[in-house]
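An overview of the molecular structure
One-letter residues, chain by chain:
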Amino acid sequence: MPSDPARLLPLAVSRPQDALLAARSVLARQPSAYDASLAHHAIGIVLRDRGKLPEAIAELKKGVRLARASGRPERVVDVQATLGLALAWTGRSQQGLALLNRAVAASRGDLTGRVLMRRASVLKDLGRFHDAHQDLNRALPYFRRTGDTVWEARSLTHRAEVFLGLGLPGRAGADYARAEEMYATTGQEFEYAKARHNRGCVALSRGDLPEALTYFDDAGNRYDALGENMPDLAIDRCTALLAAGLAAEASQETDTALSRIPPEGGIAFKKAELIFAAATAALAAGHPADARERAGQARRLFRTQGRPLWEARTALVLAEARYAADEHSMALLRYAQQVAVDLEASGAGEAVQAHLLAGRVALSRGNMPEADPHLERAAKSRRRGPPLPRSVAWLARALQADARGNPRATVMACARGLDALEEHQMRLGATELRAYGTAHGAELATLAQRDALRRGDVRRLLFWSERWRATALATRSTPPGEDKELAAELEALRSVSRLLGDTEMAASRRNALERDRRRLEAAVQARTRRLPGSHRPGEDEFDLDELFAELGPNTLIELVTVDSVLHVVVVAGRRVRLHTVGSVSEREVQMNRFALRRIARGRPQPGEELVLKHGGARLEASLLGGAIAELGDGPVVVVPPGRFRAVPWTLMPSLRDRVVTVAPSASTWLRARRMQPPSPRRVALVTGPGLATKGAEVEPLRSRYPGAVLLSHGNATAGQVLAALDGAWLAHIAAHGTFRADNPMFSSILLDDGPLIVHDFERLGRAPYQLILAGCDSGVAAPVGADELLGLVSSLIPLGAAGIVASIVPVNDIVAVPIMLALHDALQRGAMLPEALLAARRAANDDPTAEATAHSFLALGA
């Protein structure tokens, strides 16, 4: 603890807790009025930064009285300036500014720079960026002349925030980088953490999500180590999560931060910004009523605080929430137009969104003359800036061209917008972020699909359906590499999960392990999200002629949903035909899956076994309609949208007795089809724990595949299994599978040392060329983003798996054994996985339980 009271003020923004204790120690020694003023000043700063503003203001007022008693005018001015800033943070911005103005007028010499910087901070929060910039440029020479590195760094930090507000991320980045260097050399730990945080904001403004998340995580760790809670970090993380398409997580982030603010406490400025961020997240998550309620609350706070720019931003969220709730009134149009004017006058980047909204509302009313100028303004920035905002501008251009009846310009704008989004997507190293981020392109893809349908151009409909389907599976997200810290976290997570399998554990011990599991899952997720991308966009465009050449006798059927209407595109014999099925219903899918699960488990209800004979016909009619007449007699490749991936397709009469392959997209099937098998042809056979059969099919398979690696009975550990799978020609895994709907990236198969999750599989250099997953739910994946999949199987496709057999419902372990043996019999006769699975289904026709189990498996890939 410092014995010199003069050191308290620097300590208050470096190590706040230490400063608090030291200041109270000074006050306990009956100090002079001057020293007591310093102590109360330091306590006020710490309490202010922690959001305890009433207590902070009380301390600062004591500091002012004691400063006056000390007879030191410069001490009075210094505390008054801090008091003015604290008053502004409570929402009394005009009172705070008036006090700061008096402090500027009364200041002399080097103190003038400090007071100017504090006033600039308030002006910046009010959205008066040019005034703030002017004060900061006046303040900086004072600090440079005296060599006051800490205050120079603080001024550079504020100026960088001003540059961000003015839309100048390059200049902001330069100021932040210089400030970070200064904080590092002066031991200002708290402000150094802020500097790392601010570097993340610059990365986010450039559209570099992995770098932004890296800085935010580092700053968060530093704040935690200092015992500080920073609302700004939650706000900025919310923005990053929304850019990644993770609206639900963004809502959770803001809700958690708001719950930490006492009802009558906290920094009013930051509380209002947090509520605004929560409104934005609620809107993105599809909850317009919640968004409207929170935006109204935030707007009232901003109005009270005298922050017109923030009030205009919140008005935009209110308008978007009304539009999302299907309001298309003239009143909303006029409101959106005024919001656009207000935001444009402030130079805010959100003006693009406001003009886009006004254009949308006018279009919904059939008012093209009013829509056109707004869409024109929204489209101005389509050729500059980060890729995500560019895509929004291209969307405005596409809507404008569509309304003008210019199909060529419409599809060109859609293509350019999706190109920008692909550029954004490929900056991301995490498959999860790539998949969720495609939601930003859904409307662009739909516009192009509508145009193709209007023109009756089936080939263009197929092209545009492929353009934005399963793009996250087009290539592995990051090259393989040994991340030792990630490996250690995965190992720890596996160990904790294995311990949680003990059913005899005490409740307290279980609760502690559950907390450990959640902490480790969060650590793994955060680490993988920080990975940078490595793939250049535009390398793998869909080519229909290549598809024709590769299909041969196969027929491909691609299911496409446009405006809630299901269409089936049939590609066969170098011809492409379209069949419209009608409204989309998932009822038949769910009924058939449920019945299949019960029959396979040997517990059918009366009449449910009829599903095996007749239920598939209703399923076929609801999903394929008249397209079944075009299927011919050969193998069929089914390309469903993500929501229909786990459909028991082979229950359908037209697909029941033929080779069927299911693929996420035609492009994915084409890549898998052309994949070359590895040499030599290594085989891996794995048995996990807890199976009713103890992996009875695996031992017979060992004799059929001489030289195969067999891992079972304690040897099937994550490290050994991954080593055996890497680059194998064929792998068979008999193990329990678990699909995690809450977080598909933690779906797993159970091994001897715990669950092997999706993040483990992504560490493979190359997935097995052919993979058989004989456990439950191994083929289930979650539809996310525009039309993407996340789950065990989807993670293996970009890693080099040409074909996978996996189940879409829980299966009967005992009944699955002969089915798996029949499948391998066919493989050894030279069949590929889809043909081998047909042979296994035919061998199971005599028994309803075996038949249901066989239909529970799908051949995925090619």
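The model shown is predicted, which means the values in this text are computed figures rather than measured ones. Residue numbers restart at each chain and count upward from 1, following the sequence in its written direction. Two thresholds apply to this predicted model, a pLDDT of at least 70 for residue-level local features and 80 or more for giving and counting side-chain atom pairs, whereas whole-chain, interface and lining totals are computed over all residues. Neither water nor hydrogens contribute to the side-chain values; these are computed over all heavy atoms in the structure.

Helix and strand content of the chain: 38 helices and 16 strands. Both definitions apply: the radius of gyration is a C-alpha atom measure, and the globule rule equals 2.2 Å times residues to the power 0.38. Whereas a compact globule of 862 residues would reach a radius of gyration of roughly 29 Å, the chain reaches 31 Å, a difference of no more than 12%. When its C-alpha atoms are laid out on the principal axes, the chain stretches across 100 × 70 × 50 Å. Only protein chains enter the calculation, and the probe is 1.4 Å; a residue is then buried if its accessible area is under 20% of its type maximum, exposed if over 50%, and partly exposed in between. Put simply, the chain has 862 residues, and 58% of those count as buried. For this analysis, residues touch if any pair of their heavy atoms sits within 4.5 Å. Restricting the contact set of the chain to residue pairs at least 6 apart, pairs at least 24 apart contribute 70%. Only the protein chains shown count as cover for residues, and the accessible areas themselves come from Shrake-Rupley with a 1.4 Å probe. Carbon and sulfur atoms make up 50% of the accessible area of the chain, which amounts to about 33600 Å² in all. For the purposes of this entry, the term helix denotes a DSSP run of H or I that reaches at least four residues, the term strand denotes a run of E that reaches at least two, and both are numbered from the N terminus.

The next subject is the sheet that holds strand β10 (residues 748–751). Strands sit in the order β9-β10-β11 across an open sheet of three strands; the sheet is antiparallel. Taken across any chain shown, the strands that pair with only one partner, and hence form the sheet edges, are β9 (737–738) and β11 (754–757). The pairing criterion for strands is at least two bridges between them, as found by DSSP. Pairing of β9 with β10 involves two bridges; the strand directions are antiparallel. Counted as the bridge partner of glycine 737 is isoleucine 749 from β10.

Moving on to the pattern of salt bridges. Any carboxyl oxygen of Asp or Glu that lies within 4 Å of a side-chain nitrogen of Lys or Arg is treated as forming a salt bridge with it. All chains considered together, the criterion is met by 65 salt bridges. Residues glutamate 180 and arginine 196 are paired through a salt bridge, measuring 2.7 Å at the closest nitrogen-oxygen approach. With glutamate 180 in helix α10 (residues 169–186) and arginine 196 in helix α11 (residues 189–206), the pair connects residues that are 16 residues apart, well separated along the chain. Taking the shortest distance from any N to any O, the salt bridge between glutamate 514 and arginine 517 comes out at 2.8 Å. Within this pair, glutamate 514 and its partner arginine 517 are both found in helix α27 (residues 507–529), separated by three residues, close to a single helical turn.

On to empty space enclosed by the protein, then. A cavity, in this analysis, means grid points on a 1 Å lattice covering only the protein atoms where a 1.4 Å probe fits yet has no way out; a pocket is instead an open set bounded by protein on both sides within 12 Å along at least five of seven lines, and a residue lines either one if it has an atom within 4 Å of a point. Grid points are joined across faces, edges and corners, and a volume is the space filled by probe spheres set on the points. For the structure on display, the rule yields three cavities of 30 Å³ or more. Taken as a whole, the largest cavity holds about 60 Å³ of empty space. Lining the largest cavity are Leu691, Thr693, Glu697, Ala734, Ala735, Ala774, Gly775, Asp813 and Ala816. Only Asp, Glu, Lys and Arg are considered charged in this grouping, and only Ala, Val, Leu, Ile, Met, Phe, Trp, Tyr, Cys and Pro are considered nonpolar; every other residue, Gly among them, is considered polar. Split by residue class, the lining of the largest cavity holds five nonpolar, two polar and two charged. As a volume, the second largest cavity reaches approximately 50 Å³. Looking at the second largest cavity, the residues that line it are Arg469, Ala470, Pro640, Pro641, Gly642, Arg645, Pro664, Asp787, Glu788 and Leu789. Classifying every residue of the lining of the second largest cavity by side-chain character gives five nonpolar, one polar and four charged.

Turning next to the side chain of glutamate 788. Relative to the assigned elements, glutamate 788 resides in strand β14 (residues 788–790). The charge count treats Lys and Arg as positive and Asp and Glu as negative. His and the chain ends do not count. It turns out glutamate 788 is buried and unbridged, and the closest side chain with the opposite charge, arginine 469, is 8.2 Å from it. Those residues in contact with glutamate 788 that sit more than four places away from it in its chain are Ala435, Thr438, Trp468, Arg469, Ala470, Thr471, Ala472, Leu473, Ala782 and Pro783.

Inspection of the secondary structure puts threonine 431 in helix α23 (residues 431–437). Given the relative accessible area of 9%, threonine 431 is considered buried. The spacing of threonine 431 and serine 794 is 363 residues in sequence and 9.7 Å in space, taken between C-alpha atoms.

Another aspect to go through is the packing of helix α7 (residues 111–125) against helix α8 (residues 129–146). In the contact formed by α7 and α8, the axes pass within 8 Å of each other and the chain directions differ by 160°. Relative to α8, the element α7 is oriented roughly antiparallel. The element α7 and its partner α8 pack so that their crossing is left-handed. In contact with Thr112, Gly113, Arg114, Leu116, Met117, Arg119, Ala120, Leu123 and Lys124 of α7, α8 contributes Phe129, Asp131, Ala132, Asp135, Leu136, Arg138, Ala139, Tyr142 and Phe143. Tallied by class, the residues present in the contact of α7 with α8 amount to 10 nonpolar, two polar and six charged. Fitted lines through C-alpha atoms give the axes, limited to the stretch in contact for helices. The angle between two N-to-C directions lies from 0 to 180 degrees. By the definition adopted for this analysis, an angle is roughly parallel if under 35 degrees, roughly antiparallel if over 145, roughly perpendicular if from 65 to 115, and oblique otherwise. Throughout, a crossing is termed right-handed when the near helix is turned clockwise from the far one, and left-handed when it is turned anticlockwise from it by less than a right angle.

In terms of nonpolar packing, the biggest core is built from 141 residues, with Leu343, Leu547, Leu556, Val569, Val571 and Trp669 touching the most fellow members. Considering each element in turn, this core owes the most residues, 11 residues, to helix α15 (residues 268–284). Apart from residues lying up to four places away in sequence, leucine 547 is in contact with Phe542, Leu556, Val571, Ala666, Trp669 and Leu670. Among the nonpolar cores identified, the runner-up in size contains 62 residues, and Leu631, Val660, Val793 and Leu799 belong to it. The set of buried Ala, Val, Leu, Ile, Met, Phe, Trp, Tyr and Cys residues whose side-chain atoms join them within 4.5 Å is what this entry labels a nonpolar core.

The next point concerns α15. In an α-helix, one full turn covers 3.6 residues, which means residues spaced three or four apart are oriented alike. Every helix has an expected span of 1.5 Å times one less than the residues it contains. With 17 residues, α15 should reach 24 Å at 1.5 Å per residue; the first-to-last C-alpha distance of 25 Å fits that figure. For α15, a buried count of 14 out of 17 residues is recorded, marking the element as mostly surrounded by other parts of the structure. Taken from the residues just after α15, glycine 286 is the one with a positive phi, measuring 85°.

Here we come to the side chain of lysine 124. Tracing the chain through its elements places lysine 124 in helix α7. A relative accessible area of 10% means that lysine 124 is categorised as buried. Among residues more than four places away in sequence, those in contact with lysine 124 are Phe129, Ala132, His158, Glu161 and Val162.

Our focus in this paragraph is the pairing of strand β6 (residues 683–687). In terms of residue burial, β6 counts as a mostly covered element, since five of its five residues are buried. The alternating pattern of β6 places Val683, Leu685 and Thr687 on one face and Ala684 and Val686 on the opposite face, and all of these are buried. Bridge analysis of β6 against strand β8 (residues 730–734) gives five bridges, and the strand direction is parallel. For valine 683, the partnering residue across the bridge sits in β8 and is leucine 730. Relative to strand β7 (residues 709–711), β6 runs parallel, the two sharing three bridges. Looking across to β7, one finds that valine 686 is bridged to leucine 711. Seen with its strands pointing away from the viewer, a crossover is right-handed if its path from the first strand over the helix to the second goes clockwise. After leaving β6, the chain enters helix α32 (residues 698–704) and then returns to the sheet as β7, a path that is right-handed.

As a packed pair, helix α19 (residues 351–364) and helix α21 (residues 387–403) sit with axes 10 Å apart at the nearest point and diverge in direction by 25°. Overall, the two elements α19 and α21 adopt an arrangement that is roughly parallel. As for how α19 packs across α21, the hand of that crossing is left-handed. Seen from α19, the contacting residues are Val352, Leu356, Arg360 and Leu363; seen from α21, they are Val392, Leu395, Ala396, Leu399 and Ala403. For the contact of α19 with α21, a count of residues per class yields eight nonpolar, no polar and one charged.

What follows deals with α8. For α8, which comprises 18 residues, the first-to-last C-alpha distance of 26 Å matches the rise-based estimate of 26 Å (1.5 Å per residue) to within 8%. Among the residues of α8, those classed as buried are Phe129, Ala132, Asp135, Leu136, Ala139, Leu140 and Phe143. Against the buried residues of α8 lie α7, α9 (149–165) and α17 (308–324). Positive phi appears at glycine 147, one or two residues downstream of α8, with a value of about 70°.

This part is about the pairing of strand β4 (residues 636–639). On β4, burial covers both faces: Val636 and Val638 on one face and Val637 and Val639 on the other are all buried. With four bridges joining them, strand β1 (residues 555–562) and β4 adopt parallel strand pairing. Bridged to glutamate 558 within β4 is valine 639. As paired elements, β4 and strand β5 (residues 660–662) share three bridges and run parallel to each other. Bridge pairing in β5 places valine 637 opposite threonine 661.

Our focus in this paragraph is the packing of aromatic side chains. The pairing test for Phe, Tyr and Trp rings, Trp by its six-membered ring, is centres within 6.5 Å, and the orientation test on the planes gives stacked under 30 degrees, edge-to-face over 60, and tilted for anything in between. Evaluated as defined, the whole model comprises six aromatic pairs. With a centroid separation of 6.5 Å and 65° between ring planes, the pair formed by phenylalanine 276 and phenylalanine 302 is classed as edge-to-face. One end of the pair, phenylalanine 276, is in helix α15; the other, phenylalanine 302, is in helix α16 (residues 288–305), with 26 residues separating them in the sequence. We call a charge positioned above a ring when the Lys NZ or Arg CZ atom is no farther than 6 Å from the ring centre and deviates by at most 35 degrees from the ring normal. The ring of tyrosine 335 carries the charged tip of arginine 322 above its face, separated from the ring centre by 5.3 Å.

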